[in-house]
Amino acid sequence: MFTELNSILNTSPDSFTQGDFILVSGRQSDASFLIHHFLSFYLRARCKVCFLGLVQSFSHYSAVCQRLGVSLAQAKEKRQLVFLEGLQEGLSVFIPQDDTTGNKALSFLSRDPMVGLQNLYEFVRSSVSSPGGGEEGSDGSEQWGPPVLLVDDLSVLLSLGVSARAVLDFSHYCRASLCSQLQGNVVMLLHCEEEEEEDDGDDEGSERLLKGLIHQCCLALHVQGLPTGYCRDIHGQVEVCWRRRQGDGQHTQNKVFQYKVHDKGASFFARGTSSAVL
Amino acid sequence: MLSELLQGTDTGGFLIVQDNISHSGRPLLKSFISAALNRDEDVHVLAFEASEEELKDGLQGLPCQRLHIHNAYIDPLGWTAHPAFTVQQFCFEELTQLAKQTSQPKPATLVIDSLSWILRHLNPPHVCKTLQQLRKGGAVRAIIGLLHADMHQRGTVGSICHLATSVIAVSPGMKADEAVAKTTKRAKSGKVTQDEEIFRINEDLTVVVLNKTSHPGPKQTDQEEPEMDPTANLTFNLRLSDTEREAKEKLALPFVFSKEKKMALLQSGPGSGRILYEPDANDDYDQEDPDDDLDV
Amino acid sequence: MAAPVNSVVNSSAKCSSFNATSFQKKTRSRLISIPGTRPSVQNGQLLVSTGVTSLDYLLGGGLAVGTVLLIEEDRYDSYSRMILKYFLAEGVVCRHELFVASAQHTPDDILQELPSPILDDVAIHKPVEQPRLSHEPQDSLDAMKIAWRYQNLPKVQTALASSSRFGHYYDVSKMMEAEIREAAKCHRFYLPEHPTQSSPTHSPMLESYSALLKSLRDVIQREGFEVTAPMSKSRNILRIGLHSLGSTLWGDDLCCHDNPRHGHALTTFLYGLRALLRSSLSVAVVTVPSHLIQNRALMGRITRLCDNAIALESFKGSEREANPLYKDYHGLLHVRQVPHLNCLASQLPDHKDLAFKLKRKQFSIERLHLPPDLSETVSRVSRGELAGTAMVGSACGSGTSGNKHLDF
């Protein structure tokens, strides 16, 4: 959890808005450090978290969260965290063993991926509404807060052949059930490539997906490199866009911050005020 | 022109609110809904992209028994067993039936949020055909749709807007809560009017048109500062009093000729010579380049 | 880490008897030692050498076990193949197992061309193999002429010597001796030998890639490279070299069309490869003919699915060959991606414009700098002509796309 980012977004684990759909996007920059922030944030806030970790193995996420002060293994044991390890599940679909019962979540990989992500959505839905997930815990297990879905990251789904339309439908359904019905939050990460000129014929590309997700979201964090090039002390800039009206009815302006990622966190500062410069 | 459209005087109209990621058109759409409700009309909303709560937010004070929201947000593709409204139901027969369910003799207004969602799942010719049939059908009085222009190819956006009678394209304005609306209206006679206005939407979903501009980028808020008097704060006196000014006027200047002599000089006689001169190359003296003749 | 050293240790109560390295992580678990590996200074991951010491330095000390190195081939596939051969040769010298896959050349052809190592202090265990240096005594290694006080120390110490020696040098003009080469265990995959059966499912992966993935998984399981395998014998690393994936000989039309029909075949395979590697003690080097791939977005996705990525741009045949700036080098090297495993931040290389030169005994990668201009006319070579600055897109920095916002 990055404290400076919490103050920028005006949230804290004790008080955060519910029913939010947050989009984290990175253009040619690696924005996964923000997913780690949100993961540790919501675990600290005692929410029931469903994490689709499609990019790296469980031990990677575990090691990073350890540095941020949260133990994923413990959260899994206490059933606060449901973790889908995309790599292992995907491998078991590519090379089916004979004796797998298997999680059907990634079964779209064996069939035509154009079929859609309905099974993945069912997996998400069942994991957040399992006992101990905000409803009465019959076996005395701990009560957790509102459900949260984190996805790292959606561009892997595009790489595996899923169409942008299917991903948009999946995010629509997640938003409808998690944000509106269950009053939880959804955070999704998407990486885009270099922006090309108007690609009119590209209905399936990540640009359309990005625009569709921005239309759906209520908070967008866009990470990109500095326009002036590579710098060792400032790793890039983050643009924070609020899309919904805030409580007092005013639109909030977009804000741009620069950031630097270090071992145990990331620091955010206004443009030009990096400690390396001042 | 925005206010006229809000009053909704024309029937059989198809209005499109076009937006993009920089500014959402949903508040304007909700203003249209509230204006229709204020006129005691039935409004049917096909809600694909926004939840019922989000749409009803701001419409609390109005007579809501005329507002029928068809919830296509929860399960539009039929993934669960009992979907409320799916995208496959977007066809002429079903929608006519839907509109006729209300008991009022006056035909209803159909609001679609959003057309982009439907276009992602049904092919554009089918969508256009349905919309055209609805317009001609008589079951609905007017159709208002929200379209995200950056989500489709240009041709698709163009085809849908081609069917519309009015298109309002919103974009962000200079201040945070203002927006710019570019309206294009096609009358039945074929006349096309265009307008560009700055507007703001209040809490109660009324639209306030701030000022009409004919060119973009208004900057009328800055007024000219009054010219500072340069002779004001000096240690010496540069001003003239009235008597001093009179004396200055009366002073005879040294080389001023009398009036007669001026007239004589102006009409030059036949014998005066004229100088004819054509500048040659040496006269093209460029102050900037003194070394022009150096051979470097 | 990809194959976390901790979990390997946890699965074996008694690990190796020697505590081989002097570098210890500050945890209670003990590091195991596999010959030819060393733990990383930055985050304790297990690293292997790529065979090119300057490339090791660029990648942060070496290639982490469980990761993939993507090499974007140069136009004539000369230098990328050279690096692949260095990688495999290093595996032979460190006694790792090899897996070579190719659709164009038979794996045996590739293996026969491995450069010969310059062995001055690599200890060979089996007395059958003769080191090539003439001043070594012909009798057994146990009898040492000068350092005879040490000859009674246990053999373990020589293993220590070889495992602490990380990265070797190779002589490109000579081929590796057959005995040394045959001592290494090598698994081969040659695509024409695997007839493709049409798969019953519409999986996005092509049959050729599926077959390759299956073969890899079988080798890993059979030979016990999985991280969770029982520690009955000593562990070893599997080095996987995949030559020219994505080319048309693999059945992929990625290089032919702008909008390929099998656009997701290679990315799906790379995803499966990453899954295999993360759960086993193996490391992979994949070469891809990126100069033929037209779709830049797809190339970006391919890069992101690999952990390390470098691109080679050779001067041969291009107009840059005549440029006096580049006369000392054979080509440019771009670092496209560095991994950040088990940590938030990645260690980016300091320098962005790098050039390489293949010398007989070394493949050197240096920072490109302008030579002193000794010509009579003042010629202005614009910085824009140096390709490296314009096209590097690293994990965190972008190219100079807009100069409008000079904020600091």
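You'll find the structure just up there.
Residues numbered from 1 in each chain as written. Chains lettered and ligands numbered in written order. Predicted model: local features only at pLDDT ≥ 70, side-chain atom pairs only at ≥ 80, totals over all residues. Heavy atoms only, no water.

Let us look at the overall build of chain B. Along chain B, the regular secondary structure elements total nine helices and nine strands. In chain B, which comprises 296 residues, the proportion classed as buried is 40%. In chain B, the proportion of contacts linking residues at least 24 apart, taken out of those at least 6 apart, comes to 66%. Carbon and sulfur atoms make up 52% of the accessible area of chain B, which amounts to about 18400 Å² in all. (Helix = DSSP H or I, 4+ residues; strand = E, 2+ residues; numbered from the N terminus. Buried < 20%, exposed > 50% of the residue type's maximum accessible area, 1.4 Å probe, protein only. Contact = heavy atoms within 4.5 Å. Areas by Shrake-Rupley, 256 points an atom, 1.4 Å probe, with all protein chains shown as cover.)

For chain C, the count of helices and strands is ten helices and 14 strands. Expressed as a percentage of its 408 residues, the buried residues of chain C come to 54%. Excluding contacts between residues fewer than 6 apart, the proportion of contacts in chain C whose partners are at least 24 apart in sequence is 72%. Counting only carbon and sulfur atoms, one obtains 52% of the accessible surface of chain C, whose full area is about 19200 Å².

Attention shifts here to the pattern of salt bridges. All names here are of chain B. A complete count under the given rule lists 24 salt bridges over all chains for this structure. Here Glu49 makes a salt bridge to Arg26, at a shortest N to O gap of 2.9 Å. Separated by 23 residues along the polypeptide, Glu49 in the loop between strand S2 (43-47) and helix H3 (52-56) and Arg26 in helix H2 (residues 26-38) bring together distant segments of the chain. Classification of Glu49 by relative accessible area gives buried; the value is 10%. Within this structure, Arg26, Glu49, Glu54 and Asp113 form a network of salt bridges that share partners. (Salt bridge = Lys/Arg side-chain N within 4 Å of Asp/Glu carboxyl O.)

Taken together, the 30 residues of chain B in the interface contact 30 residues of chain A. Regarding the contact of chain B and chain A, the summed buried area is about 2800 Å², with carbon and sulfur atoms giving 51% of it. Between the two partners, chain B and chain A, sit one salt bridge. Salt-bridge contacts for Arg120 of chain B lead to Asp169 of chain A; the nearest nitrogen and oxygen are separated by 2.9 Å. Counting residues per element, the side of chain B that touches chain A draws most heavily on helix H5 (residues 115-121) of chain B, at three residues. For the side of chain B that touches chain A, the class distribution of residues is twelve nonpolar, nine polar and nine charged. (Buried area = accessible area lost by both parts, 1.4 Å probe. Nonpolar A, V, L, I, M, F, W, Y, C, P; charged D, E, K, R; others polar.)

Residue and element names in this part refer to chain A. At a closest axis distance of 10 Å, the pairing of helix H8 (residues 164-181) and helix H9 (residues 206-216) adopts a crossing angle of 15°. When the interaxial angle is binned, H8 and H9 end up roughly parallel. Crossing of H8 over H9 shows right-handed handedness. Within the contact between the two elements, H8 uses Ala164, Val167, Leu168, Ser171, His172 and Arg175 and H9 uses Leu209, Gly212, Leu213 and Gln216. Looking at the contact of H8 with H9 residue by residue, the classes come out as five nonpolar, four polar and one charged. (Axes fitted to C-alpha atoms, helices over the stretch in contact; angles between N-to-C directions. Parallel < 35°, antiparallel > 145°, perpendicular 65-115°, else oblique. Left-handed = near helix turned anticlockwise from the far one by under 90°.)

On to the packing of aromatic side chains. Taken as a whole and assessed by the stated rule, the structure comprises 25 aromatic pairs over all chains. An angle of 90° between the planes, with centres 5.1 Å apart, marks the rings of Phe41 of chain A and Tyr42 of chain A as edge-to-face. With respect to class, Phe41 of chain A is no different from Tyr42 of chain A; both count as buried. Between Lys76 of chain A and the ring centre of Phe58 of chain A, over which it is positioned, the NZ or CZ distance is 4.4 Å. We note Arg120 of chain B situated over the ring of Trp117 of chain B; from NZ or CZ to the ring centre the distance is 5.3 Å. (Phe/Tyr/Trp six-rings, centres within 6.5 Å; stacked < 30°, edge-to-face > 60°. Lys NZ or Arg CZ within 6 Å of the ring centre and 35° of its normal.)

This brings us to the sheet that holds strand S9 (residues 265-270) of chain A. Residue and element names in this part refer to chain A. Spatial strand order, S3-S2-S4-S5-S1-S6-S7-S8-S9: nine strands in an open sheet with mixed pairing. Because the sheet does not close on itself, it has two edges, and the strands there are strand S3 (81-85) and S9. When the angles between neighbouring strand axes are averaged without regard to direction, this sheet yields 20°. Pairing geometry for strand S1 (residues 21-27) and strand S6 (residues 219-224), over six bridges, is parallel. Each bridged residue has a counterpart across the sheet, and for Val24 the counterpart in S6 is Leu221. Set on the sheet, helix H3 (residues 58-67) makes contact with strand S2 (48-53), S3 and strand S4 (147-152); between it and S3 the angle comes to about 135°. In the packing of H9 onto the sheet, contacts are made with S1 and strand S5 (185-192), and the angle to S1 comes to roughly 150°. (Pairing = 2+ DSSP bridges.)

Here the focus is a nonpolar patch on the surface. Residues Leu234, Phe236 and Leu238 of chain B make up a contiguous nonpolar surface patch of about 290 Å² in total accessible area. Looking at the secondary structure, you find Leu234 of chain B in the loop between strand S9 (207-213) and helix H8 (242-250). (Patch = residues over 30% accessible without salt bridge, like charges linked within 9 Å, V, L, I, M, F, W, Y side chains within 5 Å.)

All names here are of chain C. Of note, Asp56 is situated in helix H2 (residues 53-58). Nearest to the buried, unbridged Asp56 among oppositely charged side chains is Arg38, at 6.0 Å. A polar contact of 2.7 Å, which involves the side chain of Asp56, links it to the side chain of Ser49. (Lys, Arg positive; Asp, Glu negative; His and termini not counted. Polar contact = N/O pair within 3.5 Å; in protein donor to acceptor, adjacent residues only side chain to side chain.)

Residue and element names in this part refer to chain C. Read from one edge to the other, the open sheet built from nine strands follows the order S8-S5-S9-S10-S4-S11-S12-S13-S14, with strand pairing classed as mixed. The two strands at the open ends of the sheet, each matched to only one other strand, are strand S8 (186-190) and strand S14 (363-367). The average undirected angle you get between the axes of adjacent strands in this sheet is 20°. Where strand S4 (residues 68-72) and strand S11 (residues 308-314) come together, four bridges link them in parallel fashion. Its bridge partner being in S11, Leu70 is matched across the sheet by Ala309.

Take helix H5 (residues 86-94) of chain A next. Within H5 of chain A, seven of the nine residues are buried, leaving the element largely enclosed by the surrounding structure. Every buried residue of H5 of chain A is accounted for by Gly86, Leu87, Glu89, Gly90, Leu91, Val93 and Phe94 of chain A. If you follow the buried residues of H5 of chain A, they end up packed against S2 and S3 of chain A together with helix H7 (207-222) and helix H8 (265-278) of chain C.

The next thing to look at is the pairing of strand S8 (residues 192-201) of chain B. Consecutive residues of a regular strand have side chains that alternate between opposite faces of the sheet. Residues and elements named next belong to chain B. As paired strands, strand S7 (residues 178-186) and S8 are joined by nine bridges and run antiparallel to one another. Bridge pairing links Val180 to Ile198 in S8. Between S7 and S8, which pair antiparallel in sequence order, lie five residues; one of them, Gly190, sits at a positive phi of approximately 100°.

Here we come to the side chain of Asp152 of chain A. Residue and element names in this part refer to chain A. By the element assignment, Asp152 lies in strand S4. A distance of 2.6 Å separates polar atoms of two side chains, one belonging to Asp152 and the other to Tyr61. The residues contacting Asp152, other than those within four sequence positions of it, are Ile35, Phe51, Leu52, Gly53, Leu54, Val55, Tyr61 and Leu189.

Moving on, we come to H7 of chain C. One full turn of an α-helix is made of 3.6 residues, so residues set three or four places apart face in the same direction. Between the first and last C-alpha of H7 of chain C there are 22 Å, a value that for 16 residues agrees with the 22 Å anticipated at 1.5 Å per step. Its buried side turned inward, H7 of chain C meets H5 of chain A together with strand S5 (97-102), S8, strand S9 (238-242), H8 and strand S10 (282-288) of chain C. Just downstream of H7 of chain C, Gly224 of chain C is the residue with a positive phi angle, here 75°. (Expected span 1.5 Å × (residues − 1).)

With an omega dihedral of -15°, the bond running from Asp152 of chain A to Asp153 of chain A counts as a cis peptide bond. For Asp153 of chain A, the position within the fold is in the loop between S4 and helix H7 (154-159). Following Asp113 of chain B, the chain continues into Ser114 of chain B via a peptide bond in cis, with omega recorded as 0°. Within the element layout of this structure, Ser114 of chain B appears in the loop between strand S4 (108-113) and H5. Non-glycine residue Arg95 of chain C carries a positive phi angle of around 60°. Secondary-structure assignment places Arg95 of chain C in the loop between helix H3 (79-93) and S5.

Limitation: the analysis is restricted to geometry and does not speak to function.
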